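Reading the structure
Below, each chain spelled out in residue letters.
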Amino acid sequence: MTDPTLERWRLLLGEPGSACLGGAPLGGPAAARDAALDWLYGRDEDLRRRGVRRQGGTGPSTLTTFDWLDDITRLFPKETVERLQRDAVERYEIHDVVTDPAVLARVEPNPALLKAVLRTKHLMNPQVLRLARRIVEQVVRRLMDELATDVRSAFTGTKARRAGRFRLARNFDMVRTLRANLGRYQPDTGKVVIETPYFFSRTRRHLEQWQVILLVDQSGSMVDSVIHSAVTAACLWGLPGVRTHLVAFDTEVVDLTSDVDHPVELLMKVQLGGGTDIARAAAYGAGLVDQPRRSIVVLISDFYEGGDPGRLVRIVRGLVEQGTKVLGLAALDEQANPDYDRALAQRLADAGAHVGAMTPGELASFVAEHVGR
């Protein structure tokens, strides 16, 4: 019987790893997994240049993308399937994963496929676009569910010790409830019978209206930030004390505020690619400010300016001097790693902007902190 650990090494290394099994061939499911891996990674030009080739049992030419998706779903665990799909669309640009109706109907929506849809939706006919929306809707729903918890936590009032009238689970006062009902302790069961539960009330300050203006770079390298920003804006929309604007830009500026409460529609309108004129977007954002001392302008970009960096610095300095909070947030990839032009970011910091990197949840906390003051 083949050692499972050695078999995994053989699958990882491909044909050059045959020595792991003493030259013995793979059999059964392992051979099928090797063929599926070879269909994808056998096209790696870097490995070919180095003389390293995967060589599966069936060879890449005998599988269609549709067959391959069926195979990996059957042969690998869900986490591996998502990684293989991500490599297919991002590393090897196998676009029929998101442009072929038969394939789209079978794939499991995940963030990698969402990014692929946003990059290739201009290639899709109406039928394919309808199927692609399924991916966008499901992934956005998951992202919003994850972020909404952080946003609600950031904007929830603090607990007060006085009793509350609203019997909500999150307001349950366990200590007071147990203390008041200890006389009903049942030794034989080890339980306290609760006759009268108690709940906290929550304090809520009067919140004056703040503007939050999100300026999002939609150049080709910014797809992760565009997704995060759309979801963040949707979660902020309608919260007490916050009026949210969302503006996307490359060399042109597009105000998407009317679609903020429909993040799927918003993302389907985004056009990734093109150059970058950050100064133009900053000027547009500055024009939206009603009350400077109750406004937060958030510029989400990699700060690789294709326009006039001097003009951008002057606009940011002007916003800061009038009392507006300016956040310069570096682009984050899906692993939350920042990638940006540090020299220009430093100039913006010197002009008074807060420059750094924040996850969507951290941005919501920053907004909540200032709105609640």
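Residues numbered from 1 in each chain as written. Predicted model: local features only at pLDDT ≥ 70, side-chain atom pairs only at ≥ 80, totals over all residues. Heavy atoms only, no water.

**Overview of the confidence of the model for the protein**
Averaged over all residues, the pLDDT of the protein equals 77, while 75% of them reach at least 70. Every residue in residues 56-61 scores below 50 in pLDDT, and together they form nine contacts with partners more than four places removed in sequence or on other chains. Predicted confidence is poor over residues 158-162, with pLDDT under 50, and the contacts of this stretch with residues over four places away or in other chains come to 17 contacts. (pLDDT = per-residue confidence, 0-100. Contact = heavy atoms within 4.5 Å.)

**Let's talk about the pattern of salt bridges**
Under the defined criterion, the tally for this structure stands at five salt bridges. Note that glutamate 137 and arginine 133 form a salt bridge whose closest N and O atoms lie 3.9 Å from each other. Here glutamate 137 pairs with arginine 133, and both are found in helix H9 (residues 126-155), just four residues apart, close to one helical turn. Since its relative accessible area comes to 32%, glutamate 137 is described here as partly exposed. With a shortest N-O distance of 2.6 Å, aspartate 290 and arginine 243 are connected by a salt bridge. Within this pair, whereas aspartate 290 is found in the loop between helix H13 (278-288) and strand S8 (295-301), its partner arginine 243 is found in strand S6 (residues 242-249), the two being separated by 47 residues in sequence. Aspartate 290 gets classed as exposed once you look at its relative accessible area, which sits at 51%. Here arginine 243 falls in the partly exposed class, since its relative accessible area comes to 33%. Each member of the salt-bridge network shares a partner with another, and the members are Arg133, Glu137 and Glu265. (Salt bridge = Lys/Arg side-chain N within 4 Å of Asp/Glu carboxyl O. Helix = DSSP H or I, 4+ residues; strand = E, 2+ residues; numbered from the N terminus. Buried < 20%, exposed > 50% of the residue type's maximum accessible area, 1.4 Å probe, protein only.)

**Concerning unusual backbone geometry**
Glycine aside, residues mostly have negative phi, and peptide bonds are mostly found in the trans state. At phenylalanine 303, a position not held by glycine, the phi torsion is positive, near 65 degrees. Here phenylalanine 303 is to be found in the loop between S8 and helix H14 (309-321). Relative accessible area serves as the criterion here: at 0%, phenylalanine 303 is assigned to the buried category.

**Details of the pairing of strand S5 (residues 210-217)**
Where burial is concerned, most of S5 is hidden: eight out of the eight residues are buried. Covered by surrounding structure in S5 are Trp210, Val212, Leu214 and Val216 together with Gln211, Ile213, Leu215 and Asp217, the residues of both alternating faces. Pairing of S5 with S6 involves eight bridges; the strand directions are parallel. When the sheet's bridge partners are listed, leucine 214 is paired in S6 with leucine 246. (Pairing = 2+ DSSP bridges.)

**Side note on the pairing of S8**
Among the seven residues in S8, seven count as buried, and that is most of the element. In the sheet, S5 pairs with S8 via six bridges, with the strands oriented parallel. Pairing of valine 212 across the sheet is with isoleucine 296, part of S8. Both S8 and strand S9 (residues 325-330) contribute to a ladder of six bridges, which runs parallel. Looking across to S9, one finds that isoleucine 300 is bridged to leucine 329. Taken together, S8, H14 and S9 form a β-α-β motif whose crossover is right-handed. (Right-handed = clockwise from strand over helix to strand, strands pointing away.)

**Observations concerning a nonpolar patch on the surface**
A surface patch of nonpolar side chains, amounting to about 340 Å² of accessible area, comprises Phe172, Met174, Leu178 and Ile194. Examined against the element boundaries, leucine 178 turns out to sit in helix H10 (residues 174-181). Judged by its relative accessible area of 37%, leucine 178 falls in the partly exposed class. (Patch = residues over 30% accessible without salt bridge, like charges linked within 9 Å, V, L, I, M, F, W, Y side chains within 5 Å. Areas by Shrake-Rupley, 256 points an atom, 1.4 Å probe, with all protein chains shown as cover.)

**Focus: the nonpolar core**
Leu40 and Trp68 are the most contacted members of the largest nonpolar core, which totals 70 residues. Among the elements that take part in this core, H9 stands out by supplying nine residues, more than any other. If we ignore the near neighbours within four places in the chain, the residues touching leucine 40 are Trp68, Leu84, Asp87, Ala88, Tyr92 and Ile94. Ala281, Val289, Val297 and Val316 belong to the second-largest nonpolar core, a separate cluster that totals 26 residues. (Core = buried A, V, L, I, M, F, W, Y, C linked by side-chain atoms within 4.5 Å.)

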